[in-house]
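Architecture and fold: a report
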Amino acid sequence: MGDPPATPTSASVDASPSIASSSSSNIRKERGAIAAQVRTLIPPITGQCMFSDLVFRHAIPAAVESNDAMNSVPNVAPVKSSGSNATIESPFPPNKTLVEILERLKGLDDRLLNLETKVDDLSHRGSSGPSALGFPHLQAPDYASQAGAAMIDPALTAAPFNLQHDLSRNAPVGQDQYKYVSSVHQMLGWPAVQQLFASIQARLPHVNFSSLERDGVSHMLGVHRPESQGLPSEGTMRTERSPGLLTTLTWENVRMWSQAYFDTTNLFYPILDRQSFMQETLPSLYRSGFSNSISSTIALLVFALGEVSLEGREGAPVHVYNGRASGVKGGSKAQPPGLALFNEARSRMGFDLTECSLENVQIFALASAYYGSCFYPMDFWRMTASTSLALQALITSNPGELSSPRADLIRRAFWHCSILETSLNLELGFPLTGLERMENTVGLPTFSGPFCEDDVISNQQSHFQEHFASQIVLRRLLVGFHHALSNTPMSAQLGGVPTPFTSANNSPGLSQITIQQLALQLEQWRGMLPPHLRWQEDCPGAFPSTTTDMFGGNTHTPASTPISPSMSHTSQPSSLPAVSTPAPPLMFSTDLDSPPAQYPYVLDVQVALLRSRYYYTKYLLHRPFLYKALHYPDSVTQDDALGAAECLKASLKWPVAMSPTCKHKRLVPCMFFFTQNFFGILLLLHLSTTVPLLRRIRSTLCGERFEMDARETVGLYLDWLRDLKPIDGGTAWHWEVVRAIYGLEGG
């Protein structure tokens, strides 16, 4: 169809050489200010502050190597061409920042290896009894006596619980009373949860709750439901494979879809080079037409994900419940956005299945992202595993690629897969591919080299590079925590430690001291984030500390409305004490009925992912305290009670479930991971209202805002499950169970 327009313009910016120079100057000023601010707070690098330095170093560019480094940044190189994708040479020397993180991460391994020895020494001191630590003796749980508790259907308390009678009396002397499990479906095997299920069995006669710990994954992912059996193959744009574009595609459409992809999905998964795609791949395909080539396949996947990005934010909701529009937008379960384009890509993928190239890796990663947006978790996992295997084949067969100009793209793809593999392994027990053995060989991404003006602007406004780097560090911490809590040496590979497919026995040697040490490292990670990523611990929905006025002073105000996911059983009682502390300006809101705030470059999703994964890690760390409180209440110490309180507080109001992020669920990566955890949290929050010990912990150790926040959380997570159940088979099962537990009718 001829040549594309000579100078295509971007939908988002009107770039010029002067703008490029100005943007780079702003970057230098911003990073220099951050360096000056943080250096006044951070002591010189020593072995004692290794972890703080790790996060500090990943927040500050490598150019800032001394107190006057901010003045030594070289000038921006001339712009190579005009337009929004004009090339700008990096204003910084080759960035060593993330490489240094890897060196610090090796130090993390040593710290975790030494932790067990230190804990053993401390454990010899023993633990004081409850009264000695100031926490009064608490009676064993009596579930039946709490029939009138908030959020409880009286019909559910007909069968009495008495966990001390069932468990504590028969516990072997000296048996460890903390149990660590990494997955929700393992938690479903806890006796306390099983007895909760027994009380609702009559309402769900078709559910075999006793098999959940063994078969929970298939139930919770809806594997056997008809609606989970794969994307339809219909909807392919069948045209002759002659030169020229597919008949339904226009230059305007492919530009629009490509821009949407790079402004959304590629910020979470920064695996494609925008400049190369927009300036080389796209014009070439426009001139020569689509074929069975690997570049055609990648382009069609980009277009499909671009359509998902547009429809996922602006499309029609798939359903409406009580006047509230669904957060799943665009298309339907059978016909998701971009399906025709994706099917065109699928029809070509077979030609490149065994190619050992970066493009082969990118194809699998893009296909994985598409399946995730359409709520097919098994397909998402299969494509993620294929991406990891393709990476290993590429690195093994052509190690020189790690020294090539495309090495940074390989590293980004590697860590993207590592983050997903860890989540899938710990939560669902899906096996690792061996990718983790290549961490030291691959190294960390630097985001150095030429980049285009659109990338400058997107990073200025969303800090996607620092979000990605922070996720890498958090993932590495999570792996170390899992080793420590599983009482497995750090020298062992992650694949060799207990997973959700292995027996979940009480963790030998696990103690409160171990958990407290790990929690301190996690808190250090959060505290040492750069200011524009940092937030208040007790306010998950607050703006980052330096961006409260980024989008205008009057656009976002503190939420003053009552609990928005309103349900009669979660309304706030009038007896709650008034909270006098003014709330900080909120980036995320529990008000799901008001129009959601709009942020450029899906900033809200990036922020929500980082914070929610932080709270998930904290919640996971402290969950053994809840196990002990539920099953060995007479042995609970003051520190145990505080740990249980931290677990409960960490489960509240994850930003990914709040507005605006929950209003475009198709854009949330690995969404079913959060669905699993919201289900588990709803069970524990319910138990915390019926078990006397947990009720006392809630009222005395969780803070004055806890009751309101807990009710808001229940509303948010119930709304999440209700919203997804018509389109996701696994969530439909979750909804059945929580509806019975919370006594919900209809919906």
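Residue numbers run consecutively from 1 along every chain, following the written order of its sequence. Residues qualify for local features only when their pLDDT is at least 70, as the model is predicted, and side-chain atom pairs are given and counted only at 80 or more; totals for whole chains, interfaces and linings, by contrast, use all residues. With hydrogens and water stripped out, all remaining heavy atoms of the structure feed into the side-chain values.

Structural notes on the overall build of the chain
Secondary structure elements are defined from DSSP: runs of H or I of at least 4 residues count as helices, runs of E of at least 2 residues count as strands, and each element is numbered from the N terminus. Scanning the chain from N- to C-terminus turns up 25 helices and 4 strands. Partly exposed residues are those whose accessible area sits between 20% and 50% of the maximum for their type, while under 20% is buried and over 50% is exposed, using a 1.4 Å probe and protein chains only. Burial status across the chain gives 61% buried among its 747 residues.

Side note on the layout of surface pockets
In this structure, the second largest pocket occupies an estimated 790 Å³ of space. Around the second largest pocket, the lining is made up of 34 residues, and of these L272, D273, R274, S276 and L409 lie nearest the centre. Those elements giving two or more residues to the lining of the second largest pocket turn out to be α9 (265-268), α10 (274-288), α11 (294-314), α13 (358-373), α15 (407-428) and α18 (464-485). Each residue gets one of three labels, nonpolar for Ala, Val, Leu, Ile, Met, Phe, Trp, Tyr, Cys and Pro, charged for Asp, Glu, Lys and Arg, and polar for the others, Gly among them. When grouped by side-chain class, the residues that make up the lining of the second largest pocket number 14 nonpolar, 11 polar and 9 charged. Only protein atoms enter the 1 Å grid used here, on which a cavity is any set of points holding a 1.4 Å probe that cannot leave and a pocket is any open set flanked by protein within 12 Å on both sides along at least five of seven lines; residues with an atom within 4 Å of a point are listed as lining. Grid points are joined across faces, edges and corners, and a volume is the space filled by probe spheres set on the points.

Digging into α11
Over its 21 residues, α11 extends 30 Å from the first C-alpha to the last, a length consistent with the 30 Å expected when each residue adds 1.5 Å. Within α11, 16 of the 21 residues are buried, leaving the element largely enclosed by the surrounding structure. In this analysis, the expected span of each helix is defined as 1.5 Å times one less than the number of residues it contains.

Quick word on empty space enclosed by the protein
A probe as big as a water molecule, rolled over the atoms, marks out the empty space that is left. Per the stated rule, a full pass over the model turns up 16 cavities of 30 Å³ or more. The calculated volume of the second largest cavity comes to roughly 190 Å³. For the lining of the second largest cavity, the elements supplying multiple residues, two or more each, are α9, α15, α18 and α20 (603-631). Considering each element in turn, the lining of the second largest cavity owes the most residues, 4 residues, to α18. Of the residues contributing to the lining of the second largest cavity, the split by class is 9 nonpolar, 4 polar and 1 charged.

Description of the pattern of salt bridges
Salt bridges are defined by distance alone: a side-chain nitrogen of Lys or Arg within 4 Å of a carboxyl oxygen of Asp or Glu. Applying the stated criterion across every chain, the model contains 23 salt bridges. A salt bridge links R324 to D593; its shortest N-O distance comes to 2.9 Å. In this pair, R324 is assigned in strand β3 (residues 324-325) and D593 in the loop between α19 (512-527) and α20, connecting sequence segments 269 residues apart. On the accessibility criterion, R324 (13% relative accessible area) is buried. Between E707 and R698 there is a salt bridge whose closest N-O contact spans 2.7 Å. By the burial criterion, E707 is buried, and R698 matches it. Among the charged side chains, a network of salt bridges with common partners joins E523, R526, E537, K618, E646 and K649.

Regarding the packing of aromatic side chains
In this description, a pair of aromatic rings is defined by centroid distance and the angle of the planes. Stacked, edge-to-face and tilted are the three classes for Phe, Tyr and Trp ring pairs, Trp counted by its six-membered ring, which pair at centre distances within 6.5 Å; planes under 30 degrees apart are stacked, over 60 edge-to-face, the rest tilted. Per the stated rule, a full pass over the model turns up 29 aromatic pairs. Ring plane angle 90 degrees and centroid distance 5.7 Å describe the contact between Y178 and F625, whose orientation is recorded as edge-to-face. One end of the pair, Y178, is in the loop between α4 (163-166) and α5 (184-187); the other, F625, is in helix α20, and 447 residues separate them in sequence. The pair Y178 / F625 is uniform in exposure class, with both members buried. The interplanar angle of 85 degrees and the centroid separation of 5.2 Å between the aromatic rings of F342 and Y371 together place this pair among those described as edge-to-face. Of the two residues, F342 is situated in helix α12 (residues 339-349) and Y371 in helix α13; the sequence distance between them amounts to 29 residues. What makes F342 buried here is its relative accessible area of 0%. An aromatic cluster is present here, built from Y616, Y619, W654, F673, F674, F678, Y717 and W720 joined pairwise through their rings. The criterion is that NZ of a Lys, or CZ of an Arg, lies within 6 Å of the ring centre and within 35 degrees of the ring normal, and then a charge sits over that ring. Here the guanidinium or amino end of R526 rests over the ring plane of W535, the centre of that ring lying 5.8 Å away.

Remarks on helix α21 (residues 638-650)
Between its first and last C-alpha, α21 extends 18 Å over 13 residues, near the 18 Å set by a 1.5 Å rise per residue. What α21 keeps buried is the set Q638, D640, A641, G643, A644, A645, C647, L648 and A650. In this structure, the buried residues of α21 make contact with α19, α20, α22 (671-690), α23 (692-701) and α24 (706-724). Two residues form a contact once any of their heavy atoms are found within 4.5 Å.

So, the packing of helix α8 (residues 251-262) against α11
Axis definition: a line fitted to C-alpha atoms, limited for helices to the stretch in contact. Angles are taken between N-to-C directions and run from 0 to 180 degrees. At a minimum axis distance of 7 Å, the contact between α8 and α11 shows a crossing angle of 75 degrees. With respect to α11, the element α8 is oriented roughly perpendicular. Packed against α8, whose contacting residues are V254, M256, W257, S258, A260 and Y261, the element α11 presents V302, F303, L305, G306, E307, S309 and L310 at the interface. Its residues placed into classes, the contact of α8 with α11 shows 9 nonpolar, 3 polar and 1 charged. Here roughly perpendicular refers to angles of 65 to 115 degrees, roughly parallel to angles under 35, roughly antiparallel to angles over 145, and oblique to all remaining angles.

What about the packing of α19 against α20?
α20 packs onto α19 with a crossing angle of 170 degrees between their chain directions and a minimal axis gap of 9 Å. Compared by their axis directions, α19 and α20 come out roughly antiparallel. Judged by residue contacts, Q512, I515, L518, A519, L522, E523, W525 and R526 of α19 engage L610, Y614, T617, K618, L621, H622, P624 and F625 from α20.

Structural notes on the environment of D263
The residue D263 is located in the loop between α8 and α9 in this model. Judged by relative accessible area, D263 falls into the buried class, the value being 14%. Linking D263 and D455, residues 192 residues apart in sequence, is a C-alpha distance of 8.7 Å. By the criterion applied in these results, polar contacts are pairs of N or O atoms within 3.5 Å in which, for protein atoms, one can donate a hydrogen and the other can accept it, and in which residues neighboring in sequence qualify only through two side-chain atoms. A polar contact is formed between the side chain of D263 and the side chain of R274, at a distance of 3.0 Å.

A short note on the nonpolar core
Formed by 187 residues in total, the largest nonpolar core has its most connected members in L188, F197, F303, W654 and W720. With residues up to four places along the chain from it excluded, the contact list for F197 reads L188, F209, L212, L683, V737 and I741. Side-chain atoms within 4.5 Å link the members of a nonpolar core, which is a set of buried Ala, Val, Leu, Ile, Met, Phe, Trp, Tyr and Cys residues.

Considering the confidence of the model for the chain
The quantity known as pLDDT measures the predictor's confidence residue by residue, on a range of 0 to 100. Per-residue confidence for the chain gives a mean pLDDT of 75, with 64% of residues at or over 70. The model gives residues 500-504 a pLDDT under 50, and that stretch makes 17 contacts with residues more than four places away or in other chains.

Considering the environment of S368
Summarising the element assignment, S368 is placed in helix α13. Along the sequence, S368 and A385 sit 17 residues apart, while their C-alpha atoms lie 9.1 Å from each other. Setting aside its immediate chain neighbours within four residues, S368 contacts F380, M383 and T384.

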